[in-house]
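Tertiary structure, described
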Amino acid sequence: MSDGTEVMKTIKRVPGVNYPVLIPNLKGYEAAKQCNIEEIAIFPAGSEGFSQKNLNCSIEEGLKRFKLVADQAIKDGMRVRGYVSCVVGCPYDGPINPKGIAKITEELFTMGCYEVSLGDTIGVGTAGSVKKLMNEVIKVATPDKIALHFHDTYGQGLSNLLAGLEFGIKTVDSSVSGLGGCPYARGASGNLATEDLVYFLYGLGVNTNIDLVKLIEAGRYISNFLAKPTESKVNRAIGDRFKNHKDIIKIASCTL
């Protein structure tokens, strides 16, 4: 995160687009404030092992640090979003107790987070483990306050998403062409690809108002720039066969 300030000062911001930044501590918050930010994200871990690797502290100590950050951000008039990593499995501690995740989620709302995103950081979740997690989380938060953040390491991202949607969740994190990963989650792939997510939602009859052709072009551009093949199956399958995204929607929804 050492180049975060440079990134925020260099990018061209588009009106109406949100640009939240990850904040690990008060020092990071003070640096971020110099970049004219409007929203921050705090990110405690759902396991002790991952907390030690990613934040160099216990879960309890991490929550104390993040409360200091959240208090100051809210005082400064900023929005605060919460993330919880390793919500179903950890590369160091193994399976995670859903009750513990629900407790952390509740604490983040107490700090003033407007929304909490539940992250399967290493992508080991299944529809079954996600349902067990959600059964606990909805005891402390309404669906409109929860987001889902899946990695697609085992190819379960979309099935996990569907399990979450059944609980009324309507906010999902994704990344173009499935970019991402984590240096402390060995073997984990990137996030659920945005192209695959949008195609999936159109298939369910959900109009995202996202142009799939342009989205696929964006995914191809960044993948080529990074000299890395796209992780999006939809991007690979569609290729350059369509110029109008409505034609892709017909395929997704099996419309004749």
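This write-up is about the structure you can find in this document. Keep in mind it's a predicted model, so treat the numbers as computed, not measured.

Our focus in this paragraph is the pattern of salt bridges. Inspection of the entire model under this criterion finds 12 salt bridges. For the salt bridge of Lys67 with Asp71, the shortest nitrogen-to-oxygen distance reads 2.9 Å. With a gap of four residues between them, Lys67 and Asp71 both fall in helix 4 (residues 59–75), about one helical turn apart. Taking relative accessible area as the criterion, Lys67 reaches 41% and is therefore assigned partly exposed. The partly exposed category is assigned to Asp71, whose relative accessible area is 36%. Lys139 serves as the salt-bridge partner of Glu136, at 3.4 Å between the closest nitrogen and oxygen. When its relative accessible area of 16% is taken as the criterion, Glu136 is described as buried. We classify Lys139 as exposed; its relative accessible area is 61%. Shared partners join several salt bridges into a network, and the residues in it are Arg81, Glu115 and Asp173.

Strand pairing in a sheet relies on backbone hydrogen bonds, with the paired strands running either antiparallel or parallel. A sheet is described by the order of its strands in space; here six strands give the open sequence 1-2-3-6-7-8, paired in parallel fashion. In the strand order of this sheet, the two ends are held by strand 1 (21–22) and strand 8 (171–173), each with one partner. Inspection of the sheet shows strand 7 (residues 146–150) paired to strand 8 by three bridges, in the parallel sense. Directly across from His149, in strand 8, lies its bridge partner Asp173. Of the strands in this sheet, strand 2 (39–42) and strand 3 (79–84) are in contact with helix 4, which crosses strand 2 at around 165°. Sheet contacts for helix 6 (residues 127–137): strand 6 (115–120) and strand 7; angle to strand 7, the most-contacted strand, approximately 155°.

Take Ala45: it is sitting in the loop between strand 2 and helix 3 (48–55). Setting aside anything within four residues of it in sequence, one finds Ala45 in contact with Phe50, Ser51, Leu55, Ile59, Val84, Ser85 and Ile104.

Once that is clear, we can look at the packing of helix 6 against helix 7 (residues 157–165). Their axes nearest at 8 Å, the elements helix 6 and helix 7 cross at an angle of 30°. When the interaxial angle is binned, helix 6 and helix 7 end up roughly parallel. At the point where helix 6 passes helix 7, the crossing takes the right-handed sense. Judged by residue contacts, Ala127, Val130 and Lys131 of helix 6 engage Ser159, Asn160, Ala163 and Gly164 from helix 7. Of the residues assigned to the contact of helix 6 with helix 7, the class counts are three nonpolar, three polar and one charged.

With that settled, consider the packing of aromatic side chains. Applying the stated criterion to the full structure yields two aromatic pairs. Taken together, a centroid distance of 5.4 Å and an interplanar angle of 50° make the contact between Phe43 and Phe66 tilted. Of the two residues, Phe43 sits in the loop between strand 2 and helix 3 while Phe66 sits in helix 4, which places them 23 residues apart along the sequence. Judged by relative accessible area, which is 1%, Phe66 ranks as buried. Measuring from centroid to centroid gives 6.5 Å for Tyr221 and Phe225, while their planes differ by 20°, and the two rings are stacked. In this pair, Tyr221 and Phe225 both sit in helix 9 (residues 212–225), four residues apart, roughly one turn of the helix. Exposure class is identical for Tyr221 and Phe225. Each is exposed. Above the face of the Tyr114 ring, Arg79 is positioned so that its terminal group lies 4.0 Å from the ring centre.

Calculation criteria
- Residues numbered from 1 in each chain as written.
- Predicted model: local features only at pLDDT ≥ 70, side-chain atom pairs only at ≥ 80, totals over all residues.
- Heavy atoms only, no water.
- Salt bridge = Lys/Arg side-chain N within 4 Å of Asp/Glu carboxyl O.
- Helix = DSSP H or I, 4+ residues; strand = E, 2+ residues; numbered from the N terminus.
- Buried < 20%, exposed > 50% of the residue type's maximum accessible area, 1.4 Å probe, protein only.
- Pairing = 2+ DSSP bridges.
- Contact = heavy atoms within 4.5 Å.
- Axes fitted to C-alpha atoms, helices over the stretch in contact; angles between N-to-C directions.
- Parallel < 35°, antiparallel > 145°, perpendicular 65-115°, else oblique.
- Left-handed = near helix turned anticlockwise from the far one by under 90°.
- Nonpolar A, V, L, I, M, F, W, Y, C, P; charged D, E, K, R; others polar.
- Phe/Tyr/Trp six-rings, centres within 6.5 Å; stacked < 30°, edge-to-face > 60°.
- Lys NZ or Arg CZ within 6 Å of the ring centre and 35° of its normal.

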